[in-house]
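Here are the chains, one letter per residue:
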Amino acid sequence: MRTAYSVETVRAAERALMAGLPEGALMQRAAAGLAAACAELLGRVYGSRVVLLVGSGDNGGDALFAGARLARRGAGVTAVLLAPERAHAAGLAALRRAGGTVAAADVAEEPVLRADLVVDGIVGIGGTGGLRPDAERLAGTVARSGAAVVAVDLPSGVDADTGRVRGAALRADLTVTFGAYKPGLLVDPAREYAGVVRLVDIGLRPSPAGAELEALQHADVARLLPAPAAESDKYRRGVVGIAAGSARYPGAAVLAVSGALRGGAGAVRYVGPAGAAVVARFPEILVSDAGPAKAGRVQAWVAGPGAGDDAGAVAEVLAADVPVLLDADGLRLAERDAVRRRTAPTLMTPHAGEAAALLGVRREEVEGARLAAVRELAAAYRATVLLKGSTTLVAGADGGPVRVNATGTPWLATAGSGDVLSGLAGSLLAAGLGALDAGSVAAYLHGLAGRLAADGAPAGAHDVASHIPQAWRNVRR
């Protein structure tokens with residue numbers, strides 16, 4: 001599992017490590033990893049042109065020492081000092097001894113435009129807000145240059161702890177981060193600025209208990225996937241109920257059921273006005289028109305996709321003493337107090353617009369501060385919340401690390417894709433996974449299925465659902 005830590009936790013781990021090391025040893029480790037990554041990106045170091053954008057902090061020192069290593073291998077290295085009087089003295093001396101040169105920010109345009117590689121060492125993990133005017137002008141020049149950009153620890157101008165981008169920021173092709181991932185490298189909008197993220201081990205060992213974020217990998221998901229045993233029947237595997245669809249939106253019911261059928265539960269019950277459309281597509285579905293309370297045995301409910309204004313069905317589902325997933329219209333129709341009173345798990349799956357409506361803020365506020373929004377919503381409803389998006393976040397009802405998923409693809413931004421996800425996650429709930437695991441695993445598989453379905457071209461929600469088994473098999477290999 002990949003874990004990310006707050007700036008405070010990372011700094012505490014650095015202090016503990018440095019106490020047992022010679023002075024400067026930790027920076028040399030970071031610089032060695034950074035130089036190796038730059039050399040790999042360049043391909044041929046000798047004769048290449050490298051520009052270092054150097055701020056006043058340790059990030060600038062890392063960049064200078066890495067630049068010295070590249071200069072000793074034959075690169076032409078120029079350091080642009082944004083705060084000359086506060087540049088890392090030892091790093092600057094090392095660069096000059098290696099044959100590197102120094103330029104002031106106001107004459108940096110020419111070397112930047114001629115560079116093969118630009119190293120962003122302007123602001124470190126303690127930076128807040130956007131770039132200052134001189135750095136912003138440099139960032140504009142870098143964008144015009146066409147040079148490859150490597151960020152030191154994280155791109156300058158993004159918030160390491162929250163993933164917010166409050167002003168101008170520098171976009172990297174590669175971010176070389178040291179010791180531990182930082183939340184801003186994994187959460188949008190900051191993640192968009194990081195490019196490929198490469199972790200360099202410098203000996204930090206922060207406690208996993210102090211993680212802010214967790215990102216499941218294939219092995220983690222494989223361990224969580226439900227698998228039938230020899231004595232399993234459909235009830236032991238779990239039965240998921242789907243209360244979805246309406247006369248206006250029968251397709252939402254069909255898509256939610258399609259996701260549920262591929263989620264590991266033994267059977268799917270459907271309740272709602274789209275029964276004919278559901279059975280026509282999936283004859284194995286158990287259909288009831290008696291309402292959720294009288295539909296029969298289920299181990300979990302999914303309520304809301306395409307439900308219109310059927311608040312009664314949502315209320316019946318919330319009254320059931322089984323895990324419940326709320327999506328789409330179900331989020332709007334559910335009373336907050338009814339959700340908060342529940343003793344069985346509740347999983348809510350809003351997109352940014354729905355989350356903004358539930359929190360009473362503008363959509364832009366949620367999109368700009370996704371990590372804060374998902375935590376706030378989970379606390380407000382005492383529920384596990386899956387905030388959909390380019391990096392899907394899953395926050396547990398009881399706090400703890402937020403799960404982040406990045407397996408998705410922009411092709412998943414298509415009508416009905418969320419309905420498939422809700423059915424898939426509901427089926428995992430019925431199969432016995434907890435709300436945090438069900439949401440995280442569903443997002444992971446859904447993202448992989450979206451990639452498989454699209455394969456570089458448009459795909460519909462039904463295509464995504466049909467590729468879930470392949471995603472499942474890929475994870476289990």
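Residues numbered from 1 in each chain as written. Predicted model: local features only at pLDDT ≥ 70, side-chain atom pairs only at ≥ 80, totals over all residues. Heavy atoms only, no water.

Identification of the protein chain as Bifunctional NAD(P)H-hydrate repair enzyme from Streptomyces capoamus is taken from an unreviewed UniProt entry. Under Subunit (unreviewed entry), UniProt gives the following word-for-word description of the protein chain: "Homotetramer." (UniProt positions renumbered as here; feature names shortened; annotations may be inferred.)

This part takes up the overall build of the protein chain. From N to C terminus, the protein chain includes 21 helices and 18 strands. Since a compact globule built from 477 residues should have a radius of gyration of about 23 Å, the 25 Å found for the protein chain is in line with a globular shape. Each of the three principal axes of the protein chain carries a C-alpha extent, and together these read 80 × 45 × 45 Å. Residues counted as buried form 57% of the 477 residues belonging to the protein chain. (Helix = DSSP H or I, 4+ residues; strand = E, 2+ residues; numbered from the N terminus. Rg over C-alpha atoms; globule rule 2.2 N^0.38 Å. Buried < 20%, exposed > 50% of the residue type's maximum accessible area, 1.4 Å probe, protein only.)

Across a sheet, paired strands are connected by hydrogen bonds in the backbone, their directions being either parallel or antiparallel. With respect to topology, seven strands assemble into an open sheet ordered S4-S3-S2-S5-S6-S7-S8, the strand pairing being parallel. At either margin of the open sheet sits one strand with a lone partner, and together these are strand S4 (101-104) and strand S8 (196-200). In this sheet, adjacent strand axes meet at a mean angle of 25 degrees when their direction is disregarded. As judged from the three bridges shared by strand S6 (residues 148-152) and strand S7 (residues 174-178), these two strands associate in the parallel manner. Within the sheet, the bridge partner assigned to Val152 lies in S7 and is Val176. Packing of helix H2 (residues 25-42) onto the sheet brings it into contact with strand S2 (49-54), strand S5 (117-121), S6, S7 and S8, and relative to S7 it is tilted by some 160 degrees. (Pairing = 2+ DSSP bridges. Axes fitted to C-alpha atoms, helices over the stretch in contact; angles between N-to-C directions. Contact = heavy atoms within 4.5 Å.)

Further remarks concern the pairing of strand S18 (residues 402-405). Every second residue of S18 is oriented toward a common face, with Val402 and Val404 on one face and Arg403 and Asn405 on the other, all of them buried. Of the pairings in the sheet, the one linking strand S17 (residues 392-395) to S18 comprises three bridges and is antiparallel in character. Note on S18: the bridge partner recorded for Thr392 is Asn405. Where S17 folds back onto S18 in an antiparallel hairpin, the turn is made up of six residues, including Gly399, whose phi is positive at roughly 80 degrees.

Following the UniProt record, the feature "binding site: K(+)" (unreviewed entry) maps to Asn59, Asp120 and Ser156 here. Spanning 98 residues, the named residues form one tight spatial group whose C-alpha atoms are at most 9.9 Å apart. Its place among the elements puts Asp120 in strand S5. Under the relative-accessibility criterion, Asp120 is labelled buried at 0%. Contacts of Asp120, omitting those with residues within four sequence positions, involve Leu53, Val150, Ala151, Val152, Leu154, Pro155, Ser156 and Leu170. Along the chain, the position of Ser156 falls in the loop between S6 and S7. Ser156 gets classed as buried once you look at its relative accessible area, which sits at 0%. In this structure the side chain of Ser156 is engaged in a polar contact, spanning 2.6 Å, whose partner is the side chain of Asp120. (Polar contact = N/O pair within 3.5 Å; in protein donor to acceptor, adjacent residues only side chain to side chain.)

The next subject is the pattern of salt bridges. One pass over the structure, following the stated rule, counts 16 salt bridges. Notably, a salt bridge pairs Arg166 with Asp159, separated by 3.3 Å at the nearest N-O pair. Here Arg332 makes a salt bridge to Asp309, at a shortest N to O gap of 3.2 Å. With Arg332 in helix H13 (residues 329-333) and Asp309 in the loop between strand S13 (300-303) and helix H12 (311-319), this residue pair connects regions lying 23 residues apart in the sequence. Residue class for Asp309 comes out exposed when judged on its relative accessible area of 64%. One network of salt bridges, in which partners are shared, links Glu214, Arg403 and Asp437. (Salt bridge = Lys/Arg side-chain N within 4 Å of Asp/Glu carboxyl O.)

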